[in-house]
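Overview (structure and organization)
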Amino acid sequence: MIKDTQRFEPFTRDPIALVNEHGEWVGPFDLDLDEEQLRALYRDMVAARLLDERLLLLQRSGKTSFAMEAAGHEGIQIAIAHTVKRGFDWLFPYYRDHGMLLALGVPAVEIFGETLATRADPAKGRQMPNHPGSKPLNAFTVASPIASHIPPATGAAISAKIQNTGQVVVTTFGDGATSEGDWHAGVNFASAQGAPVVFVVENNRYAISVDLQKQTGSENLAVKAKAYGMPGYYLDGMDVLASYYVMQEVIERTRAGAGPALVEAVVYRYGPHSSADDDRLYRPKEEVEHWKQRDPLERFRRFLERQELWTPEWEAELREAAEAELARALEEAEAAGPVPEAWMFDDVYAEPLWPQIEQRRLLEEELGA
Ligand SMILES: Cc1ncc(C[n+]2csc(CCOP(=O)(O)OP(=O)(O)O)c2C)c(N)n1
Ligand SMILES: [Mg+2]
(Lines give C-alpha, C1' and ligand atoms only; values in the text may rest on other atoms or scores of the structure.)
(Ligands and ions follow the chains in the order given, each with its own letter.)
Protein backbone atom coordinates (compact mmCIF):
# COMPACT_ATOMS: atom_id res chain seq x y z
CA MET A 1 0.00 0.00 0.00
CA ILE A 2 2.84 2.34 0.83
CA LYS A 3 4.49 1.44 -2.48
CA ASP A 4 1.49 2.52 -4.55
CA THR A 5 1.65 6.05 -3.25
CA GLN A 6 5.44 6.29 -3.26
CA ARG A 7 6.67 9.14 -5.42
CA PHE A 8 10.20 9.54 -4.20
CA GLU A 9 13.26 7.33 -4.09
CA PRO A 10 15.78 7.54 -1.27
CA PHE A 11 19.50 8.03 -1.91
CA THR A 12 19.23 10.00 -5.15
CA ARG A 13 22.38 11.40 -6.70
CA ASP A 14 20.99 14.95 -6.76
CA PRO A 15 18.71 16.73 -4.31
CA ILE A 16 15.01 16.18 -5.09
CA ALA A 17 13.53 19.37 -6.59
CA LEU A 18 10.12 19.98 -8.16
CA VAL A 19 10.41 23.66 -9.11
CA ASN A 20 13.43 25.03 -10.99
CA GLU A 21 15.09 28.39 -10.48
CA HIS A 22 12.77 30.03 -13.02
CA GLY A 23 9.76 28.93 -11.02
CA GLU A 24 8.77 26.19 -13.47
CA TRP A 25 7.22 22.95 -12.20
CA VAL A 26 9.56 20.10 -13.18
CA GLY A 27 7.93 17.37 -11.05
CA PRO A 28 7.24 13.91 -12.53
CA PHE A 29 3.62 14.03 -11.31
CA ASP A 30 0.78 16.54 -11.40
CA LEU A 31 0.62 19.22 -8.76
CA ASP A 32 -2.42 18.49 -6.59
CA LEU A 33 -2.40 21.32 -4.04
CA ASP A 34 -5.22 23.81 -4.34
CA GLU A 35 -4.79 27.58 -4.62
CA GLU A 36 -5.45 28.17 -0.95
CA GLN A 37 -2.78 25.63 0.13
CA LEU A 38 -0.23 27.16 -2.24
CA ARG A 39 -0.97 30.69 -1.07
CA ALA A 40 -0.78 29.59 2.59
CA LEU A 41 2.71 28.15 2.05
CA TYR A 42 3.90 31.45 0.60
CA ARG A 43 2.17 33.52 3.28
CA ASP A 44 3.89 31.51 6.02
CA MET A 45 7.28 31.80 4.32
CA VAL A 46 6.94 35.58 4.15
CA ALA A 47 5.82 35.74 7.79
CA ALA A 48 8.84 33.60 8.80
CA ARG A 49 11.22 35.96 6.99
CA LEU A 50 9.62 39.00 8.63
CA LEU A 51 9.75 37.38 12.09
CA ASP A 52 13.43 36.69 11.49
CA GLU A 53 14.07 40.36 10.72
CA ARG A 54 12.13 41.48 13.81
CA LEU A 55 14.05 39.17 16.13
CA LEU A 56 17.35 40.53 14.82
CA LEU A 57 16.11 44.11 15.32
CA LEU A 58 15.28 43.30 18.94
CA GLN A 59 18.88 42.22 19.45
CA ARG A 60 20.29 45.21 17.55
CA SER A 61 18.21 47.62 19.64
CA GLY A 62 19.43 46.06 22.88
CA LYS A 63 16.11 44.56 23.91
CA THR A 64 17.40 41.00 23.83
CA SER A 65 20.88 39.55 24.04
CA PHE A 66 20.93 37.15 21.14
CA ALA A 67 19.37 36.38 17.74
CA MET A 68 19.77 33.56 15.24
CA GLU A 69 18.64 34.20 11.69
CA ALA A 70 16.95 31.54 9.61
CA ALA A 71 16.59 33.33 6.25
CA GLY A 72 17.26 30.72 3.54
CA HIS A 73 15.82 27.84 5.62
CA GLU A 74 12.13 28.68 5.03
CA GLY A 75 11.36 26.07 2.35
CA ILE A 76 11.83 22.99 4.53
CA GLN A 77 10.69 24.70 7.74
CA ILE A 78 7.33 25.83 6.40
CA ALA A 79 6.84 22.51 4.61
CA ILE A 80 7.22 20.65 7.92
CA ALA A 81 4.66 22.91 9.63
CA HIS A 82 2.24 22.10 6.80
CA THR A 83 2.74 18.32 6.72
CA VAL A 84 2.65 17.31 10.39
CA LYS A 85 -0.70 16.88 12.11
CA ARG A 86 -0.67 20.08 14.14
CA GLY A 87 -1.01 19.62 17.87
CA PHE A 88 -1.06 15.83 17.46
CA ASP A 89 2.33 14.89 16.07
CA TRP A 90 5.40 15.85 18.06
CA LEU A 91 8.09 18.30 16.96
CA PHE A 92 11.59 18.39 18.42
CA PRO A 93 12.95 21.51 16.69
CA TYR A 94 16.25 23.35 17.03
CA TYR A 95 17.14 27.00 17.57
CA ARG A 96 16.78 28.10 13.94
CA ASP A 97 13.14 26.95 13.65
CA HIS A 98 11.17 29.96 14.97
CA GLY A 99 9.54 30.45 11.53
CA MET A 100 8.46 26.81 11.51
CA LEU A 101 6.92 27.18 14.96
CA LEU A 102 5.11 30.36 13.94
CA ALA A 103 3.66 28.52 10.93
CA LEU A 104 2.73 25.59 13.17
CA GLY A 105 0.56 27.97 15.17
CA VAL A 106 2.74 29.09 18.09
CA PRO A 107 1.42 32.62 18.79
CA ALA A 108 3.93 35.37 17.86
CA VAL A 109 3.33 36.93 21.28
CA GLU A 110 4.79 33.80 22.90
CA ILE A 111 7.84 33.83 20.60
CA PHE A 112 8.50 37.50 21.43
CA GLY A 113 7.77 36.86 25.12
CA GLU A 114 10.35 34.08 25.08
CA THR A 115 12.89 36.32 23.35
CA LEU A 116 12.35 39.21 25.78
CA ALA A 117 11.74 37.08 28.91
CA THR A 118 8.43 38.73 29.68
CA ARG A 119 5.34 37.28 31.34
CA ALA A 120 4.10 36.42 27.82
CA ASP A 121 6.64 33.57 27.74
CA PRO A 122 5.12 30.18 28.63
CA ALA A 123 8.64 29.07 29.66
CA LYS A 124 8.64 31.88 32.25
CA GLY A 125 11.79 33.56 30.90
CA ARG A 126 13.98 30.59 31.66
CA GLN A 127 15.16 29.86 28.13
CA MET A 128 17.75 31.49 25.88
CA PRO A 129 16.38 33.80 23.18
CA ASN A 130 15.43 31.85 20.03
CA HIS A 131 14.52 28.75 22.04
CA PRO A 132 10.71 28.62 21.88
CA GLY A 133 8.45 25.63 22.39
CA SER A 134 4.76 24.95 22.88
CA LYS A 135 3.06 22.51 25.19
CA PRO A 136 -0.38 22.64 23.51
CA LEU A 137 1.21 22.16 20.07
CA ASN A 138 3.51 19.30 21.16
CA ALA A 139 6.63 21.29 20.27
CA PHE A 140 9.45 20.34 22.62
CA THR A 141 11.25 23.41 23.96
CA VAL A 142 14.51 23.95 22.04
CA ALA A 143 17.62 22.47 23.69
CA SER A 144 20.91 24.38 23.24
CA PRO A 145 23.40 21.50 23.47
CA ILE A 146 23.68 20.35 19.87
CA ALA A 147 21.87 17.04 19.14
CA SER A 148 20.85 16.54 22.77
CA HIS A 149 17.20 16.51 21.66
CA ILE A 150 17.70 13.56 19.30
CA PRO A 151 17.55 10.74 21.91
CA PRO A 152 14.46 12.34 23.57
CA ALA A 153 12.81 12.59 20.12
CA THR A 154 13.45 8.88 19.62
CA GLY A 155 12.15 8.21 23.13
CA ALA A 156 8.92 10.09 22.42
CA ALA A 157 8.51 8.06 19.21
CA ILE A 158 9.09 4.76 21.01
CA SER A 159 6.44 5.82 23.54
CA ALA A 160 3.99 6.64 20.71
CA LYS A 161 4.67 3.22 19.19
CA ILE A 162 4.16 1.33 22.45
CA GLN A 163 0.93 3.20 23.14
CA ASN A 164 -0.14 2.88 19.49
CA THR A 165 -1.19 6.53 19.32
CA GLY A 166 -0.57 7.02 15.58
CA GLN A 167 1.63 10.03 16.31
CA VAL A 168 4.79 10.76 14.34
CA VAL A 169 7.75 12.67 15.77
CA VAL A 170 9.64 15.06 13.50
CA THR A 171 12.96 16.36 14.72
CA THR A 172 15.14 18.96 13.03
CA PHE A 173 18.78 19.88 13.53
CA GLY A 174 21.78 21.25 11.65
CA ASP A 175 24.54 19.49 9.73
CA GLY A 176 26.86 19.96 12.72
CA ALA A 177 24.49 17.90 14.85
CA THR A 178 25.17 14.83 12.69
CA SER A 179 28.73 14.77 14.05
CA GLU A 180 27.57 14.41 17.66
CA GLY A 181 27.43 11.15 19.59
CA ASP A 182 23.89 11.91 20.76
CA TRP A 183 22.76 12.04 17.14
CA HIS A 184 24.11 8.59 16.33
CA ALA A 185 22.73 7.10 19.55
CA GLY A 186 19.26 8.51 18.87
CA VAL A 187 19.15 7.53 15.18
CA ASN A 188 20.49 4.04 15.83
CA PHE A 189 18.03 3.28 18.61
CA ALA A 190 15.10 4.65 16.57
CA SER A 191 15.92 2.19 13.80
CA ALA A 192 16.44 -0.74 16.18
CA GLN A 193 13.05 -0.02 17.77
CA GLY A 194 11.17 0.84 14.54
CA ALA A 195 10.22 4.15 16.15
CA PRO A 196 7.92 6.52 14.18
CA VAL A 197 10.37 9.42 13.93
CA VAL A 198 11.54 11.47 10.95
CA PHE A 199 14.98 13.02 11.30
CA VAL A 200 15.42 16.19 9.24
CA VAL A 201 18.82 17.80 8.85
CA GLU A 202 18.73 21.43 7.72
CA ASN A 203 22.08 21.25 5.99
CA ASN A 204 23.37 24.81 5.57
CA ARG A 205 26.97 23.56 5.14
CA TYR A 206 28.34 25.24 8.23
CA ALA A 207 28.47 24.57 11.96
CA ILE A 208 29.26 28.15 12.92
CA SER A 209 32.57 28.55 11.01
CA VAL A 210 33.26 24.84 10.43
CA ASP A 211 32.67 23.79 6.83
CA LEU A 212 30.78 20.53 6.19
CA GLN A 213 33.87 19.01 4.57
CA LYS A 214 35.61 19.22 7.94
CA GLN A 215 32.67 17.44 9.63
CA THR A 216 32.30 14.34 7.53
CA GLY A 217 33.93 12.15 4.89
CA SER A 218 30.51 11.05 3.60
CA GLU A 219 29.42 12.15 0.12
CA ASN A 220 26.34 13.72 1.72
CA LEU A 221 24.34 13.37 4.93
CA ALA A 222 21.40 11.40 3.52
CA VAL A 223 23.65 8.36 2.93
CA LYS A 224 24.27 8.07 6.65
CA ALA A 225 20.78 6.55 6.85
CA LYS A 226 22.00 3.45 4.99
CA ALA A 227 24.16 2.30 7.87
CA TYR A 228 21.20 2.61 10.22
CA GLY A 229 18.86 0.64 7.97
CA MET A 230 16.49 3.43 7.06
CA PRO A 231 15.82 5.42 3.87
CA GLY A 232 17.68 8.70 3.44
CA TYR A 233 16.09 11.35 1.22
CA TYR A 234 18.31 13.96 -0.39
CA LEU A 235 16.17 17.05 -0.82
CA ASP A 236 16.40 20.61 -2.07
CA GLY A 237 15.20 22.27 1.14
CA MET A 238 14.95 25.65 -0.59
CA ASP A 239 12.18 24.28 -2.82
CA VAL A 240 9.09 24.48 -0.63
CA LEU A 241 7.00 22.21 -2.88
CA ALA A 242 9.64 19.48 -3.05
CA SER A 243 9.97 19.79 0.74
CA TYR A 244 6.20 19.59 1.15
CA TYR A 245 5.73 16.48 -0.98
CA VAL A 246 8.77 14.64 0.39
CA MET A 247 7.85 15.40 4.00
CA GLN A 248 4.24 14.40 3.39
CA GLU A 249 5.28 11.05 1.94
CA VAL A 250 7.95 10.34 4.53
CA ILE A 251 5.72 11.29 7.48
CA GLU A 252 2.84 9.15 6.24
CA ARG A 253 5.11 6.19 5.47
CA THR A 254 6.44 6.43 9.01
CA ARG A 255 2.91 6.77 10.40
CA ALA A 256 1.93 3.62 8.49
CA GLY A 257 4.54 1.66 10.48
CA ALA A 258 7.51 1.65 8.09
CA GLY A 259 9.88 2.94 10.79
CA PRO A 260 12.13 6.01 10.89
CA ALA A 261 13.63 7.94 7.98
CA LEU A 262 16.25 10.59 7.47
CA VAL A 263 15.73 13.65 5.26
CA GLU A 264 18.66 15.84 4.29
CA ALA A 265 17.29 19.26 3.32
CA VAL A 266 19.94 21.28 1.51
CA VAL A 267 19.55 24.94 2.54
CA TYR A 268 21.76 27.97 3.07
CA ARG A 269 21.73 30.52 5.86
CA TYR A 270 22.01 34.02 4.46
CA GLY A 271 22.93 35.65 7.74
CA PRO A 272 25.80 34.89 10.11
CA HIS A 273 25.49 31.94 12.53
CA SER A 274 24.13 34.27 15.20
CA SER A 275 24.21 37.92 16.22
CA ALA A 276 27.55 37.11 17.89
CA ASP A 277 29.23 35.82 14.71
CA ASP A 278 31.02 37.50 11.78
CA ASP A 279 30.62 35.16 8.81
CA ARG A 280 32.88 37.29 6.58
CA LEU A 281 35.79 35.63 8.35
CA TYR A 282 35.06 32.17 6.98
CA ARG A 283 32.93 32.35 3.84
CA PRO A 284 33.31 34.44 0.69
CA LYS A 285 30.65 37.00 -0.18
CA GLU A 286 30.33 35.42 -3.64
CA GLU A 287 29.20 32.17 -2.07
CA VAL A 288 26.39 33.93 -0.19
CA GLU A 289 25.41 35.76 -3.38
CA HIS A 290 25.36 32.48 -5.31
CA TRP A 291 22.88 30.93 -2.85
CA LYS A 292 20.73 34.07 -2.84
CA GLN A 293 19.93 33.25 -6.47
CA ARG A 294 18.15 30.18 -5.08
CA ASP A 295 16.17 32.11 -2.44
CA PRO A 296 13.23 29.88 -1.41
CA LEU A 297 10.79 32.82 -1.26
CA GLU A 298 11.83 34.24 -4.61
CA ARG A 299 11.69 30.85 -6.34
CA PHE A 300 8.23 30.08 -5.00
CA ARG A 301 7.05 33.60 -5.86
CA ARG A 302 8.07 33.01 -9.48
CA PHE A 303 6.20 29.72 -9.43
CA LEU A 304 3.03 31.37 -8.08
CA GLU A 305 3.32 34.13 -10.64
CA ARG A 306 3.42 31.54 -13.43
CA GLN A 307 0.29 29.95 -11.93
CA GLU A 308 -1.32 33.41 -11.89
CA LEU A 309 -1.61 33.21 -8.11
CA TRP A 310 0.72 36.10 -7.32
CA THR A 311 0.41 39.84 -7.89
CA PRO A 312 2.44 42.73 -6.42
CA GLU A 313 -0.79 43.94 -4.75
CA TRP A 314 -1.29 40.60 -2.99
CA GLU A 315 2.36 40.60 -1.88
CA ALA A 316 1.97 44.12 -0.42
CA GLU A 317 -1.26 43.08 1.28
CA LEU A 318 0.12 39.98 2.93
CA ARG A 319 3.31 41.75 4.03
CA GLU A 320 1.29 44.54 5.57
CA ALA A 321 -0.95 42.05 7.39
CA ALA A 322 2.02 40.01 8.67
CA GLU A 323 3.89 43.15 9.80
CA ALA A 324 0.81 44.44 11.60
CA GLU A 325 0.29 41.13 13.40
CA LEU A 326 3.96 40.94 14.42
CA ALA A 327 3.90 44.57 15.65
CA ARG A 328 0.76 43.88 17.67
CA ALA A 329 2.23 40.68 19.15
CA LEU A 330 5.47 42.43 20.05
CA GLU A 331 3.59 45.22 21.76
CA GLU A 332 1.58 42.69 23.76
CA ALA A 333 4.72 40.74 24.71
CA GLU A 334 6.48 43.90 25.93
CA ALA A 335 3.41 45.17 27.78
CA ALA A 336 3.28 41.90 29.76
CA GLY A 337 6.34 43.15 31.67
CA PRO A 338 9.50 41.32 32.71
CA VAL A 339 9.23 38.00 34.53
CA PRO A 340 9.84 38.20 38.27
CA GLU A 341 13.31 36.85 39.15
CA ALA A 342 11.87 34.42 41.69
CA TRP A 343 10.13 32.49 38.90
CA MET A 344 13.40 30.74 38.26
CA PHE A 345 12.63 28.52 41.26
CA ASP A 346 9.22 27.44 39.97
CA ASP A 347 8.59 23.99 38.53
CA VAL A 348 11.95 22.52 39.53
CA TYR A 349 10.18 19.93 41.67
CA ALA A 350 6.46 19.31 42.09
CA GLU A 351 6.94 20.41 45.72
CA PRO A 352 9.92 22.76 46.29
CA LEU A 353 12.70 21.34 48.46
CA TRP A 354 14.29 23.37 51.24
CA PRO A 355 17.22 24.63 49.10
CA GLN A 356 14.80 26.27 46.63
CA ILE A 357 12.70 27.73 49.42
CA GLU A 358 15.78 29.11 51.14
CA GLN A 359 17.36 30.45 47.93
CA ARG A 360 14.13 32.11 46.94
CA ARG A 361 13.86 33.80 50.33
CA LEU A 362 17.47 35.05 50.10
CA LEU A 363 16.90 36.39 46.57
CA GLU A 364 13.72 38.19 47.53
CA GLU A 365 15.47 39.67 50.55
CA GLU A 366 18.34 40.83 48.32
CA LEU A 367 15.95 42.41 45.80
CA GLY A 368 13.88 43.94 48.57
CA ALA A 369 10.79 42.18 47.22
C1 LIG B 1 27.25 20.09 22.42
C2 LIG B 1 27.47 21.47 21.90
N3 LIG B 1 28.66 21.82 21.39
C4 LIG B 1 28.86 23.06 20.92
C5 LIG B 1 27.85 24.00 20.96
C6 LIG B 1 28.07 25.40 20.41
N7 LIG B 1 27.32 25.53 19.15
C8 LIG B 1 26.13 26.20 19.11
S9 LIG B 1 25.47 26.19 17.57
C10 LIG B 1 26.76 25.30 16.94
C11 LIG B 1 26.81 24.93 15.49
C12 LIG B 1 25.81 23.93 15.07
O13 LIG B 1 25.79 23.86 13.68
P14 LIG B 1 24.68 23.09 12.91
O15 LIG B 1 24.30 21.87 13.65
O16 LIG B 1 25.15 22.89 11.52
O17 LIG B 1 23.41 24.07 12.92
P18 LIG B 1 23.30 25.53 12.26
O19 LIG B 1 23.64 26.50 13.36
O20 LIG B 1 24.24 25.61 11.12
O21 LIG B 1 21.89 25.70 11.82
C22 LIG B 1 27.71 25.04 17.94
C23 LIG B 1 28.97 24.29 17.69
C24 LIG B 1 26.61 23.61 21.54
N25 LIG B 1 25.57 24.45 21.60
N26 LIG B 1 26.44 22.35 21.99
MG1 LIG C 1 24.79 24.09 9.86
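Up top you'll find the structure we're talking about.
The structure contained in this document is the topic of the report that follows.

Rules used throughout
- Residues numbered from 1 in each chain as written.
- Chains lettered and ligands numbered in written order.
- Predicted model: local features only at pLDDT ≥ 70, side-chain atom pairs only at ≥ 80, totals over all residues.
- Heavy atoms only, no water.
- Axes fitted to C-alpha atoms, helices over the stretch in contact; angles between N-to-C directions.
- Helix = DSSP H or I, 4+ residues; strand = E, 2+ residues; numbered from the N terminus.
- Parallel < 35°, antiparallel > 145°, perpendicular 65-115°, else oblique.
- Left-handed = near helix turned anticlockwise from the far one by under 90°.
- Contact = heavy atoms within 4.5 Å.
- Nonpolar A, V, L, I, M, F, W, Y, C, P; charged D, E, K, R; others polar.
- Buried < 20%, exposed > 50% of the residue type's maximum accessible area, 1.4 Å probe, protein only.
- Pairing = 2+ DSSP bridges.
- Near = heavy atom within 4 Å.
- Polar contact = N/O pair within 3.5 Å; in protein donor to acceptor, adjacent residues only side chain to side chain.
- Areas by Shrake-Rupley, 256 points an atom, 1.4 Å probe, with all protein chains shown as cover.
- Salt bridge = Lys/Arg side-chain N within 4 Å of Asp/Glu carboxyl O.

Here helix 2 (residues 74–83) crosses helix 8 (residues 240–258) at 40 degrees, and the two axes come no closer than 8 Å. As far as their axial angle goes, helix 8 and helix 2 are oblique. You can see that helix 2 and helix 8 cross each other, and the crossing is right-handed. Each of G75, I76, A79, I80, H82 and T83 in helix 2 lies in contact with helix 8, whose residues at this interface are V240, S243, Y244, M247, Q248 and I251. In terms of residue class, the contact of helix 2 with helix 8 is made up of seven nonpolar, five polar and no charged.

With that settled, consider the pairing of strand 7 (residues 261–266). Counting buried residues along strand 7, six of its six residues qualify, which places the element largely inside the surrounding structure. Burial along strand 7 is two-sided: A261, V263 and A265 facing one way and L262, E264 and V266 facing the other are all buried. The pairing of strand 3 (residues 197–203) with strand 7 spans six bridges and is parallel. Across the sheet, V201 pairs through a bridge with E264, a residue of strand 7.

To continue, consider the site of ligand 1. Around ligand 1, a shell composed of 16 residues is seen, among which Y94, Y95, R96, G176 and Y206 lie nearest. Contact between ligand 1 and Y95: an oxygen atom at 2.6 Å from a side-chain N or O atom of the residue. Note that a nitrogen atom of ligand 1 is positioned 3.1 Å from one of the backbone N or O atoms of S144. Considering ligand 1 on its own, with 580 Å² of exposed area, one finds that the protein chains cover 72% of that surface. Considering only residue class, the shell around ligand 1 consists of eight nonpolar, five polar and three charged.

Right, let's get into the pattern of salt bridges. Taken as a whole and judged by the stated rule, the model has 29 salt bridges. For E252, the salt bridge identified is with R255, shortest N-O distance 2.9 Å. With E252 and R255 both in helix 8 and three residues apart, this pair spans about one turn of that helix. Measuring nitrogen to oxygen at the nearest pair gives 2.8 Å for the salt bridge that ties E298 to R301. One end of the pair, E298, and the other, R301, are both in helix 10 (residues 296–306), three residues apart, so they sit about a helical turn from each other. Here E298 falls in the partly exposed class, since its relative accessible area comes to 27%. With relative accessibility at 15%, the residue R301 sits in the buried group. Shared partners join several salt bridges into a network, and the residues in it are K124, R126, D346, D347, R360 and E364.

Scope: geometric values only; no functional claims are made or implied.
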